[in-house]
Amino acid sequence: MEFSFNVNEVFKSPIVEITPNLIPPGYTGDRRALWDTVSKVGEVVNQMGSASAAAQGLTKAITTADRIRNSEHKLYFLIDKNANSGKGAVTGMLKTGNKSLYVFDRDGNHYQVQPPCLLDFYIHETKQRNGLGKVLFEHMLQKEGIAPVQMAIDRPSEKLLGFLNKHYSLKDPVKQMNNYVVFDDFFPKRSLPA
Ligand code: ACO
């Protein structure tokens, strides 16, 4: 996704992590320039959030700058530095956060957990199925120090279920009443009765 401003001046590396203050990593400008930079990051969040919602057939964006500011969520953006005549473009977005959830395993045992969750994930339509989703997802796993099976996934699309199956052999999701999905190895191993 292209923007009227120079994306490369706002985001200095190929994958950036954005926290609720919307200040891009490595920001070095003064206080006045900070306001301008934060509003550009907000524009990226809103545009990518809307595009993700449209791609998932949702009527309302689940990722907006306002919601990020009032959350403990983390956003990762994938940047194509060479796009838009060298001004750069944003090609992917991934949102994570911990949630308090009740989850049930296949035997009906329930667990109260606070797992890392995959909350939103989007690669621009023109770039899907080129391995970029995997690049962004892997970066997130490494930064958060987790394995895919430790995550709960909020309302996964068919494309995302295909993605998790293809890259991480995660299949047969255990669907929860709260619309989250986990996989069998998410649950702690229960010892068999003696
Ligand atoms: N149809 C079916 N499966 C797909 C499609 C598609 N159009 N696109 C990606 N996939 C799955 C397939 O398993 C595919 O492997 P294949 O091409 O061999 O069949 C695999 O993903 C490709 O892996 P990557 O190239 O690394 O993934 P990609 O860059 O396409 O990113 C993503 C995956 C984020 C799901 C992307 O397709 C996308 O943005 N889709 C639209 C939005 C969406 O559904 N997001 C997830 C919402 S749910 C949530 O965020 C919690």
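Everything here concerns the structure above.
This report concerns the structure included in the present document. On a predicted model such as this, the values are computed, not experimentally measured, just so you know.

Further remarks concern the layout of surface pockets. Roughly 690 Å³ of internal volume is contained in the largest pocket. Lining the largest pocket we find 28 residues, and of these Phe121, Gln128, Lys159, Leu160 and Phe163 sit closest to its centre. Broken down by secondary-structure element, the contributors of at least two residues to the lining of the largest pocket are α2 (31–55), β6 (116–123), α4 (132–144), β7 (152–154) and α5 (158–168). Residue composition of the lining of the largest pocket, grouped by class: 12 nonpolar, nine polar and seven charged.

This part takes up the site of the ligand. What surrounds the ligand is a group of 25 residues, the closest being Phe121, Ile123, Gly131, Ser157 and Lys166. With respect to the ligand, the backbone of phenylalanine 163 contributes an N or O atom lying 3.4 Å from an oxygen atom. The contact in question runs from an oxygen atom of the ligand to an N or O atom on the side chain of histidine 167, over 3.0 Å. Here the ligand has 960 Å² of accessible area as a free molecule, and 85% of this is covered by the chains. Applying the majority rule of atoms within 2 Å of the grid points places the ligand in the largest pocket. Mapped by element, the contributors of at least two residues to the shell around the ligand are β6, α4, β7 and α5. Among the elements that make up the shell around the ligand, the one with the highest residue count is α5 (six residues). A class-by-class count of the residues in the shell around the ligand yields 10 nonpolar, eight polar and seven charged.

About the thresholds
- Residues numbered from 1 in each chain as written.
- Predicted model: local features only at pLDDT ≥ 70, side-chain atom pairs only at ≥ 80, totals over all residues.
- Heavy atoms only, no water.
- 1 Å grid on protein atoms, 1.4 Å probe; cavity = no way out; pocket = protein on both sides within 12 Å on 5 of 7 lines; lining within 4 Å.
- Points joined across faces, edges and corners; volume = space filled by probe spheres on them.
- Helix = DSSP H or I, 4+ residues; strand = E, 2+ residues; numbered from the N terminus.
- Nonpolar A, V, L, I, M, F, W, Y, C, P; charged D, E, K, R; others polar.
- Near = heavy atom within 4 Å.
- Polar contact = N/O pair within 3.5 Å; in protein donor to acceptor, adjacent residues only side chain to side chain.
- Areas by Shrake-Rupley, 256 points an atom, 1.4 Å probe, with all protein chains shown as cover.
- Sits in = over half its atoms within 2 Å of the grid points.

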